[in-house]
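Geometric and topological summary
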Amino acid sequence: MSEALLEKTKMGPVACPIDFFDVYGVRDDFPILRSRVRGKPLVYLDNAATTQKPLQVVEATRAYYEKQNANIHRGVHYLSELATNKYEAARETIAGFLNAESAREIVFTSGTTESINLVAYSFGRANIKAGDEVLISAMEHHSNIVPWQMLCEQTGAKLRVIPIDDNGDIIFEEFETLLSEKTKMVAIVHVSNSLGTINPIKKIVERAHAFDIPVLVDGAQAVSHLKVDVQELGCDFYAISSHKLFGPTGIGALYGRESLLDAMPPYQGGGDMIKSVSFERTTYSELPSKFEAGTPNMAGAIGMATAIDYFTGIGYDKLESHEDAVLRYAHEALADIPDLKFIGMAKAKTGVVSFVLSDIHPHDIGTILDQNGIAVRTGHHCTQPVMERFKIPATTRASFALYNTVDEVDRLAEGLHGVLNLFK
Amino acid sequence: MDLRELYQQVILDHNKNPKNFRSLEHPTCASEGYNPLCGDRINVALEVEDDVIKDVAFTGSGCAISKASASVMTTLVKGKSVPEAEEVFRQFQALITSDLNAPVDVQEAGKLAVFAGVREFPTRVKCAALAWHTMQAALAEEDKKISTE
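About the cut-offs
- Residues numbered from 1 in each chain as written.
- Chains lettered and ligands numbered in written order.
- Predicted model: local features only at pLDDT ≥ 70, side-chain atom pairs only at ≥ 80, totals over all residues.
- Heavy atoms only, no water.
- Pairing = 2+ DSSP bridges.
- Helix = DSSP H or I, 4+ residues; strand = E, 2+ residues; numbered from the N terminus.
- Axes fitted to C-alpha atoms, helices over the stretch in contact; angles between N-to-C directions.
- Contact = heavy atoms within 4.5 Å.
- 1 Å grid on protein atoms, 1.4 Å probe; cavity = no way out; pocket = protein on both sides within 12 Å on 5 of 7 lines; lining within 4 Å.
- Points joined across faces, edges and corners; volume = space filled by probe spheres on them.
- Nonpolar A, V, L, I, M, F, W, Y, C, P; charged D, E, K, R; others polar.
- Buried < 20%, exposed > 50% of the residue type's maximum accessible area, 1.4 Å probe, protein only.
- Buried area = accessible area lost by both parts, 1.4 Å probe.
- Salt bridge = Lys/Arg side-chain N within 4 Å of Asp/Glu carboxyl O.
- Polar contact = N/O pair within 3.5 Å; in protein donor to acceptor, adjacent residues only side chain to side chain.
- Phe/Tyr/Trp six-rings, centres within 6.5 Å; stacked < 30°, edge-to-face > 60°.
- Parallel < 35°, antiparallel > 145°, perpendicular 65-115°, else oblique.
- Left-handed = near helix turned anticlockwise from the far one by under 90°.
- Domains from an automatic or database assignment.

A few words on the sheet that holds strand β14 (residues 352-357) of chain A. Residue and element names in this part refer to chain A. Judged by pairing direction, the sheet is antiparallel, and its four strands sit side by side in the order β13-β14-β17-β16 without closing on themselves. The open sheet has two free edges, formed respectively by β13 (340-342) and β16 (377-379), since each of these has just one partner strand. For this sheet the average axis-to-axis angle between neighbouring strands, irrespective of direction, equals 30 degrees. When β14 meets strand β17 (residues 395-399), the two strands line up antiparallel, connected through four bridges. Counterpart to Val353 in the pairing with β17 is Ala398. Contacts from helix α12 (residues 316-335) reach β13 and β14, with the element oriented near 10 degrees to β14.

Structure, rendered in structure tokens:
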């Protein structure tokens, strides 16, 4: 890696990346990491798409179905009470994890996508009208673009976009210029899934709140790498997915400031979200049940809370220094590969190395790496506007989690040399 | 399998120096193919006169497999009648979707045989087929975008 590049990314030389974090002990908790793929030991570098699950999560899910399953909030019987307690305890765990003021501010959803849609539908349709503006950034995942686009189409509001620079940082001055009385929502990603950029959420919230504009943060990629404190960030909504956090798929959560959630109309109607129903009139439940129509994903919620306990049990300090070291090592190792160009060199980065290699299409790279047992993601990563911004059709992305090692980075680098050899 | 079976020299050569990779000045029909999975985008334009493909060319961006497939396709259908071109398309389709263990008649498959390796890579079959479906759409005078998804 060139000196200039090192300086740019604030990445010093790697001393001993794994000295006080027992990454191999952690790997033992993830049975899938012992797999062989195409005859080679699996190197799983597609964690931004979904993370693998530790035994603890698998066991908790299994225990739920073996010993605790019943519908919640209804029965007076033992199992129903047990399941209800487990489910509500999971909510408390998530509230603690995000440092929400109370568990009433945590709504279970199917994931980040549904969390954002909930806000766009419920808050958006009640508060945003023709002529208003919704502000997002140029590095959003499609799931933080399309719900707002749909809202704008229906209401006549306008979607405005904060541009990003060549490094993949938002251009803060442009953001400030775009803020106005017309802006009714700022929706922005905490950590970009295709660039790895960490956005300055606290600063963004401060500026938006000066105009009384609520801020929604897409935290899907952030929570497995950074300690998130919604009160410290000051944001109004924070959306997360369990499956990107070593938990099961199909479950996630929305944090919402209580005063906002309270004022918002229900998102879906059905059982569990009502106080009383007659054909003349229905009254709705209190928070957070108001937003949880129908029988929820109980096993998922319990699995998610187990994953959070597992993950936070390791300790953020250890985790962050290990992950930083692996990411730094990856930038260094890959910078030595001829004709490799990084996409996304933001000042603050985590979890992701995106790149293009010579004129070789990422799809070809992905297939060749796969033959070596290495799982990476290739394509536009559901961020087509980012690809357009950098004038490329796609990138190859290696994304890391707490269980990845520098040896795996070496395997990736070796694989990429193989790609170059094949295509030379 | 050996990656060399998928990325045969012929495919790599076509990828590097694709044939008929250009725009047509007077196309009689054209279509755009798009694979939303990987973002591959290809335009196929044809000049058809009296049911004969006088010229065919493609532009766009894609992986080595999709580009080589488009390149080989243009060399195979140029000068052929539309029904003949459609027959080649059927041959190609039969080849890439045939059973993995079915032997490939290299004589019959001719230049298409290099794509037999794609059968082992289900996620890549769409890459190989994109240009062909796009040509088919153009020939069907379907003006709308087609998609392999």
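That was the structure; now back to the text.
It is worth spelling out the layout of surface pockets at this point. Looking at the largest pocket, its volume works out to about 520 Å³. Lining the largest pocket are 26 residues, and of these A:Ser358, A:Asp359, A:Ile360, A:His361 and B:Asn15 lie nearest its centre. Looking at which element gives the most residues to the lining of the largest pocket, the answer is helix α2 (residues 9-16) of chain B, with five residues. Taken as a whole, the second largest pocket holds about 440 Å³ of empty space. Elements supplying a minimum of two residues to the lining of the second largest pocket: α13 (362-371), β15 (374-375) and β16 of chain A together with α6 (122-139) of chain B. Residues that form the lining of the second largest pocket fall into these classes: eight nonpolar, seven polar and four charged.

Residue and element names in this part refer to chain A. Among the five residues that make up strand β10 (residues 252-256), five are buried, leaving the element largely enclosed by the rest of the structure. Neither face of β10 is open: one carries Gly252, Leu254 and Gly256, the other Ala253 and Tyr255, and all of them are buried. By the bridge criterion, four bridges tie strand β4 (residues 106-109) to β10 in an arrangement that is antiparallel. When the bridges of β10 are listed, Thr109 appears paired with Gly252. Where strand β9 (residues 237-241) lies against β10, five bridges are found, and the strand directions are antiparallel. Note that in β10 the partner of Ile240 across the bridge is Ala253.

We now examine the interface of chain A and chain B. Taken together, the contact between chain A and chain B spans 14 residues of the former and 22 residues of the latter. For the pairing of chain A and chain B, the buried interface totals around 1400 Å² over both sides, and the portion due to carbon and sulfur atoms is 57%. Our count for the contact surface shared by chain A and chain B stands at one salt bridge. A:Asp364 serves as the salt-bridge partner of B:Arg124, at 2.9 Å between the closest nitrogen and oxygen. Where chain A packs against chain B, one counts seven residue pairs in polar contact (both at pLDDT 80 or more). Sorting the residues of the side of chain A that touches chain B by element identifies α13 and α15 (406-423) of chain A as the ones contributing at least two each.

This paragraph deals with unusual backbone geometry. Residues and elements named next belong to chain A. The residue after Leu287, namely Pro288, is reached through a cis peptide bond having omega -10 degrees. Within the secondary structure layout, Pro288 lies in the loop between β12 (282-284) and α11 (298-314). Although it is not a glycine, Asp212 adopts a positive phi angle of roughly 60 degrees. Secondary-structure assignment places Asp212 in the loop between α8 (201-210) and β8 (215-218). Positioned with a positive phi, Ser358 is a non-glycine residue whose angle comes to about 50 degrees.

Attention now goes to the packing of aromatic side chains. Residue and element names in this part refer to chain A. Under the counting rule described, the total for this entry stands at 17 aromatic pairs over all chains. Ring geometry for Tyr87 against Phe108: centres 4.9 Å apart, planes inclined by 40 degrees, an arrangement best described as tilted. Here the residue Tyr87 occupies a position in helix α4 (residues 78-98), and Phe108 occupies one in strand β4, the gap between them amounting to 21 residues. Accessibility expressed as a relative area gives 7% for Phe108, which makes it buried.

Residues and elements named next belong to chain A. The interhelical angle for the contact between helix α3 (residues 55-68) and α11, taken along N-to-C directions, is 150 degrees, at an axis separation of 9 Å. Taken together, α3 and α11 sit at an angle that is classed as roughly antiparallel. Where α3 crosses over α11, the handedness of that crossing is right-handed. Two secondary-structure elements touch here, α3 through Gln56, Val57, Ala60, Thr61, Tyr64 and Tyr65 and α11 through Met298, Ala299, Ile302, Gly303, Thr306, Ala307 and Tyr310.

Residue and element names in this part refer to chain A. Domains assigned within chain A are domain 1 (3-34 + 315-423) and domain 2 (57-312). Inter-centroid distance (C-alpha atoms) of domain 1 to domain 2 is 29 Å. The interface of domain 1 with domain 2 comprises 35 residues on the first partner and 30 residues on the second. Summed over both partners, the interface of domain 1 with domain 2 buries about 2600 Å², with 57% contributed by carbon and sulfur atoms. When the area that domain 1 buries against domain 2 is broken down by residue, the three leading residues are Tyr316, Thr350 and Arg389, summing to 24%. On inspection of domain 1 and its partner domain 2, the count reaches two salt bridges. Salt-bridge contacts for Asp166 lead to Arg389; the nearest nitrogen and oxygen are separated by 2.9 Å. Counting the contacts that link domain 1 with domain 2 gives 17 residue pairs in polar contact (both at pLDDT 80 or more). Of all the elements in the fold, those that place two or more residues in the side of domain 1 that touches domain 2 are α12, β14 and α14 (384-389). Counting residues per element, the side of domain 1 that touches domain 2 draws most heavily on α14, at five residues. Looking at the side of domain 1 that touches domain 2, its residues break down into 18 nonpolar, nine polar and eight charged.

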